[in-house]
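# Architecture at a glance
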Amino acid sequence: MPQEETGMDQDKLDELRELVDFLKANGIAEFDMERADLKVRIKFAGAGGPSAADLALAQQLMASGGGGNIPSAGAPTAAAAPAEPEEKLHEVKSPIVGTFYDSPSPGSPAFVKVGDQVEAGQVLCIVEAMKLMNEIESDVAGEIVKRIASTAQPVEYGQALFAIRPR
């Protein structure tokens with residue numbers, strides 16, 4: 001009987017690895033799943049995806065009796081927590097779930113780039129949702145300090161797209 005349990009744990013571990021690979025490949029930062037025999041919550045810290053240590057933690061939990069609760073793989077630690085910014089930057093966030101594009105069409109120049117001065121109401125990017133192109137406008141005037149989202153990558157509702165230093 002112990003070998004059957006080990007086989008089940010290995011199957012769950014293989015499923016978990018496939019799930020992590022799928023989430024990384026599709027740029028999904030957070031995921032919850034619950035079945036009768038398994039509950040999984042994965043939350044990646046930063047855009048780099050899970051580390052080998054995160055997978056090792058999940059493997060240990062699966063092997064130690066598991067199948068029960070698996071805590072967040074890739075949850076930020078105190079050492080990985082970003083430092084408080086010295087200046088207050090305004091984040092332009094996505095109002096919808098969709099795909100981020102920094103230009104009106106492939107090969108066209110980006111609407112804005114880091115260092116550009118923007119006005120309130122100026123188009124910064126497009127978020128495509130259900131074949132509709134939604135222009136995302138700046139809600140403050142200032143300087144683009146950082147582009148957070150990546151072109152042709154999925155974005156979530158409320159996800160930061162740009163950081164702007166207000167004037």
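Everything discussed here concerns the structure shown above.
Small disclaimer: the values here were computed from a predicted structure and weren't measured.

### Considering the side chain of Ser138
- Position of Ser138 among the secondary structure elements: in the loop between strand S8 (132-137) and strand S9 (142-147).
- At a separation of 2.5 Å, a polar atom in the side chain of Ser138 contacts the main-chain carbonyl oxygen of Val140.
- Residues contacting Ser138, with those up to four places away along its chain left out, are Val118, Glu119, Ala120, Gly121, Gln122, Leu124 and Ile164.

### Description of unusual backbone geometry
- Not every positive phi belongs to a glycine, and Met130 is a case in point at roughly 55 degrees.
- Relative to the elements of secondary structure, Met130 occurs in the loop between strand S7 (123-129) and S8.
- Since its relative accessible area comes to 81%, Met130 is described here as exposed.
- Unusually for a residue other than glycine, Ala152 sits at a positive phi of about 65 degrees.

### Some details on the side chain of Ser94
- Its location among the elements puts Ser94 in the loop between strand S4 (90-93) and strand S5 (98-101).
- Of note is the side chain of Ser94, whose polar atom sits 2.5 Å from the backbone oxygen of Ile96.
- Once residues within four sequence positions are removed from consideration, Ser94 is found in contact with Val127, Val155, Glu156, Tyr157, Gly158, Gln159 and Leu161.

### Section: the sheet that holds S4
- The strand order across the open sheet formed by 4 strands is S4-S11-S9-S6, and the pairing between neighbours is antiparallel. Across the chains shown, the open sheet's two edge strands, defined by having one partner strand only, are S4 and strand S6 (117-118).
- Across 2 bridges, the pairing between S6 and S9 is antiparallel. Bridge pairing in S9 links Val118 to Gly142.

Rules and cut-offs
Residues numbered from 1 in each chain as written. Predicted model: local features only at pLDDT ≥ 70, side-chain atom pairs only at ≥ 80, totals over all residues. Heavy atoms only, no water. Helix = DSSP H or I, 4+ residues; strand = E, 2+ residues; numbered from the N terminus. Polar contact = N/O pair within 3.5 Å; in protein donor to acceptor, adjacent residues only side chain to side chain. Contact = heavy atoms within 4.5 Å. Buried < 20%, exposed > 50% of the residue type's maximum accessible area, 1.4 Å probe, protein only. Pairing = 2+ DSSP bridges.

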